[in-house]
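Coordinate analysis (summary)
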Amino acid sequence: MEQSEQDTVTSYQVPHPETRPQDQSPSSRTPVFDVKNVSIYYGSFRAVTNVSLTIYENEITAFIGPSGCGKTTVLRTLNRMNDLVVGARVEGEVYYRGASLYHKDVSPTAVRRRIGMVFQKPNPFPKSIYDNVAYGPRINGIRNKARLNEIVERSLRQAALWDEVKNRLGTSGLSLSGGQAQRLCIARTLAVEPDVVLMDEPASALDPIATAAIEDLMKEIRSQYTIVIVTHNMQQATRVSDRTAFYSVLIDSENDTRTGTLVEYDQTASLFENPRDERTKAYVTGRMG
Amino acid sequence: MAVAQPRDPGQPMQPGQPAQPGQSTPDLREPAGWRRAKDRIATTLMWISFVVVIIPLGFVLYTVIAKGASAIGWSFLTSNIPPNVVPLGAGGMGPAIAGTIEITALAALMAVPLGVLGAVYVNEYGGNTLLARIVRFMADVMTGVPSIVMGLFIFSLWVLHFGFSGLAGAFALGCLMLPVVIRSSEEMLKLVPNALREGSYAVGATKARVVMTVVLPAAIGGIVSGALLAIARAAGETAPLLFTVLTVSAVNWNVFSGANTALSAQIFVNASQPYVGAQGRAWGAALTLIAIAFILMIAARVVTARFTRYSR
């Protein structure tokens with residue numbers, strides 16, 4: 001296995017944080033994702049319809065909404081994770097830095113090397129802590145020991161986990177507590193220096209202290225990454241995000257189908273303080289919508 | 001049945017013992033009745049089944065050890081097989097031990113990699129496609145084929161053209177092992193949580209890489225013990241070897257050509273002889289075979305523990 005890793009060494013260039021523009025005013029931000037009129041189907045079932053939004057560089061964008069509104073589904077189209085679901089199909093256009101993500105020549109693997117993902121349930125590999133973090137760099141062809149050590153330390157520091165695990169990097173990643181395991185998964189994602197980090201309810205299984213740690217960490221790394229987060233927790237959205245997209249469910253009682261759709265997308269403060277849509281208002285003020 | 005009565009919350013509950021005169025604590029025992037009766041019946045049935053299963057196992061082990069232990073010694077394990085009339089003590093089962101190891105190892109070499117790859121195809125790549133369903137169905141059918149039929153199959157396909165050999169026996173045993181390895185490995189791969197695959201895809205791994213670096217390592221413990229169980233089963237098979245390797249009385253180190261022999265075949269041949277010496281050697285061979293299976297089981301445990309040291 002050690003040897004087979006070498007034959008797929010690619011010319012993949014890790015985008016370095018230093019080369020990215022920083023601290024621009026919101027109006028001049030660079031768009032990272034341009035989602036245009038997207039509908040997502042599972043087989044013949046239309047799960048999400050009519051989503052259009054632009055996600056900007058070095059911002060945290062939150063997706064909120066009731067269960068079944070398609071937040072996670074939309075998130076998973078941003079790094080082609082839905083390709084893994086049999087029968088999943090995307091209509092409309094998703095542009096990532098100007099490139100069409102669903103063009104037939106686009107490799108989902110190449111997409112996911114730039115657009116990482118942290119999942120709802122912590123999913124560390126049954127490997128040592130070190131090997132968990134070094135996994136991404138290794139499959140991307142980095143074999144140099146010193147380089148790997150450096151990446152592992154940097155990623156674990158970024159994920160605010162280094163001090164807790166630095167003396168037991170050889171123990172199993174499964175031995176960590178829920179909050180630590182989730183930070184390990186974040187470190188694993190950051191280790192490949194992605195351009196974008198997608199987070200699917202990363203704190204939903206964690207206690208308030210671990211949640212706060214992850215929120216601090218998101219604010220910390222915002223200057224280097226673009227983050228999209230799905231959350232059920234509206235306070236979390238207001239605490240961490242720059243922009244918020246509110247999704248809701250369209251219920252067709254005739255055919256008994258439920259389809260998610262984007263209702264409103266704005267700067268977080270405006271969306272929560274001056275919602276334009278009645279459904280948004282009902283949801284953010286606590287009356288379900 | 002206890003009558004619900006107000007109880008002083010400061011008092012500890014002691015079933016059957018009133019905490020204070022005039023007050024009764026709740027009775028927390030399982031009330032007598034149909035529920036308790038069902039529980040007792042089920043427990044009793046469980047114990048009876050356990051004893052019924054363990055008696056034949058213990059009896060077989062005891063008999064084989066009692067009758068076979070006296071035969072076993074260094075010379076028994078290494079000497080050539082003597083003519084049937086020779087009394088116990090001279091000669092041994094060396095060629096059969098060598099043959100069993102050669103033939104089973106060769107069979108494992110063919111069936112285990114093919115079976116694991118087949119399982120990877122069926123579970124990771126095939127999904128619900130027609131080919132995957134055919135492979136799964138055929139593996140099930142193959143599991144049900146009697147071993148003697150597998151021997152005849154190799155006899156007509158291989159032995160009639162190329163003669164008896166350890167290789168032919170290994171083909172037959174391999175055919176018996178293959179479906180077991182496929183199905184047991186597939187079950188192990190199914191147990192690998194999808195979240196692990198997604199975690200790997202999310203850092204840009206290709207499908208082959210996901211399988212090699214995450215799925216197989218996570219399932220390897222179960223795959224190895226499944227494969228070793230299949231090997232242990234195959235090592236004890238007799239019928240397919242009678243048609244494919246024959247029996248010889250001297251060691252044949254060349255597994256690819258010439259008739260060979262195996263412990264299981266020697267047990268069959270020797271046990272049906274009227275000579276006491278031959279019968280004793282059959283018991284010794286049986287004990288040796290059980291010991292080999294036992295060693296393989298232990299090895300399976302050790303290997304599994306080694307591979308799964310990160311899984312908790």
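Above this text is the structure in question.
Since the structure is predicted, the reported quantities are computational estimates derived from the model, not experimental observations.

Details of the overall build of chain A
Across its full length, chain A holds 10 helices and 10 strands. For chain A, buried positions account for 53% of its 289 residues. In chain A, once contacts between residues fewer than 6 apart in sequence are set aside, the share between residues at least 24 apart is 70%. Accessible area of chain A: about 12,700 Å², with a carbon and sulfur share of 48%.

Looking at the overall build of chain B
Scanning chain B from N- to C-terminus turns up 11 helices and 0 strands. Written out in order from the N terminus, the α and β elements of chain B read α-α-α-α-α-α-α-α-α-α-α. A compact globule built from 312 residues would reach a C-alpha radius of gyration of about 20 Å, whereas chain B, at 28 Å, exceeds it by more than 25%. With the C-alpha coordinates aligned to their principal axes, the bounding extent of chain B is approximately 90 × 60 × 35 Å.

A short note on a nonpolar patch on the surface
Residue and element names in this part refer to chain B. Taken together, the side chains of Trp-47, Phe-50, Val-51, Ile-54, Ile-55, Leu-57, Val-60, Leu-61, Ile-65 and Ile-290 present a nonpolar region at the surface, about 910 Å² in accessible area. If you tally residues by element for the nonpolar patch, the top one is helix α1 (residues 34-68), at 9 residues. Checked against the element boundaries, Leu-57 lands in helix α1.

Thoughts on α1(B)
Residues and elements named next belong to chain B. Under the 1.5 Å per step criterion, the end-to-end length of α1 is 51 Å for 35 residues, consistent within 8% with the ideal 51 Å. Listed as buried for α1 are Thr-63, Val-64 and Gly-68. Where α1 is buried, its residues contact α11 (276-307).

Looking at the interface of chain B and chain A
In this assembly, 21 residues from chain B lie in contact with 33 residues from chain A. Taken together, both faces of the contact between chain B and chain A bury some 2,100 Å²; the carbon and sulfur share is 62%. Glu198(B) is paired through a salt bridge with Arg76(A); the nearest N and O atoms lie 2.8 Å apart. On the surface where chain B and chain A come into contact, there are 7 residue pairs in polar contact (both at pLDDT 80 or more). Secondary structure elements with two or more residues in the side of chain B that touches chain A: α7 (194-201) and α8 (207-235) of chain B. Ranked by the residues each element gives to the side of chain B that touches chain A, the list is headed by α8(B), at 7 residues.

Examining unusual backbone geometry
Residue and element names in this part refer to chain A. The phi torsion at Asn-58 lies on the positive side, around 55°, for a residue other than glycine. Among the secondary structure elements, Asn-58 is positioned in the loop between β2 (45-56) and β3 (60-64). Backbone geometry places Arg-97, a non-glycine residue, at a positive phi of 45°. The topology assignment puts Arg-97 in the loop between β4 (88-96) and β5 (99-100).

So, the nonpolar core
Phe33(A), Leu53(A), Phe63(A), Tyr247(A) and Met177(B) are the most contacted members of the largest nonpolar core, which has 84 residues in total. For this core, the element with the most residues is α8(B), which contributes 14 residues. Here Phe63(A) is in contact with Leu53(A), Ile55(A), Lys71(A), Val74(A), Leu75(A), Val228(A), Ile229(A), Val230(A), Thr231(A), Ala245(A) and Tyr247(A), once residues within four sequence places are set aside. Within the second largest apolar cluster, 46 residues are counted, among which are Leu169(A), Ala187(A), Met234(A) and Phe272(A).

Things to note about the pattern of salt bridges
Under the definition given, this model contains 23 salt bridges over all chains. The partner of Arg222(A) in a salt bridge is Asp242(A), with the nearest N and O atoms 2.9 Å apart. Residue Arg222(A) is found in the loop between α7 (208-221) and β8 (226-230), and its partner Asp242(A) is found in the loop between α8 (234-240) and β9 (243-252); the two are separated by 20 residues along the sequence. We classify Arg222(A) as partly exposed; its relative accessible area is 24%. For Glu124(B), the salt bridge is made with Arg197(B), and the minimal N-O distance between the two is 2.8 Å. Here Glu124(B), found in helix α3 (residues 94-126), pairs with Arg197(B), found in helix α7; they are 73 residues apart in sequence, far enough to count as distant. No difference in accessibility class separates Glu124(B) from Arg197(B), as the two residues are buried. Members of the salt-bridge network, linked through shared partners, are Arg136(B), Asp140(B), Arg183(B) and Glu186(B).

Definitions and cut-offs
Residues numbered from 1 in each chain as written. Chains lettered and ligands numbered in written order. Predicted model: local features only at pLDDT ≥ 70, side-chain atom pairs only at ≥ 80, totals over all residues. Heavy atoms only, no water. Helix = DSSP H or I, 4+ residues; strand = E, 2+ residues; numbered from the N terminus. Buried < 20%, exposed > 50% of the residue type's maximum accessible area, 1.4 Å probe, protein only. Contact = heavy atoms within 4.5 Å. Areas by Shrake-Rupley, 256 points an atom, 1.4 Å probe, with all protein chains shown as cover. Rg over C-alpha atoms; globule rule 2.2 N^0.38 Å. Patch = residues over 30% accessible without salt bridge, like charges linked within 9 Å, V, L, I, M, F, W, Y side chains within 5 Å. Salt bridge = Lys/Arg side-chain N within 4 Å of Asp/Glu carboxyl O. Expected span 1.5 Å × (residues − 1). Buried area = accessible area lost by both parts, 1.4 Å probe. Polar contact = N/O pair within 3.5 Å; in protein donor to acceptor, adjacent residues only side chain to side chain. Core = buried A, V, L, I, M, F, W, Y, C linked by side-chain atoms within 4.5 Å.

The values reported here are purely geometric and, on their own, carry no functional implication.
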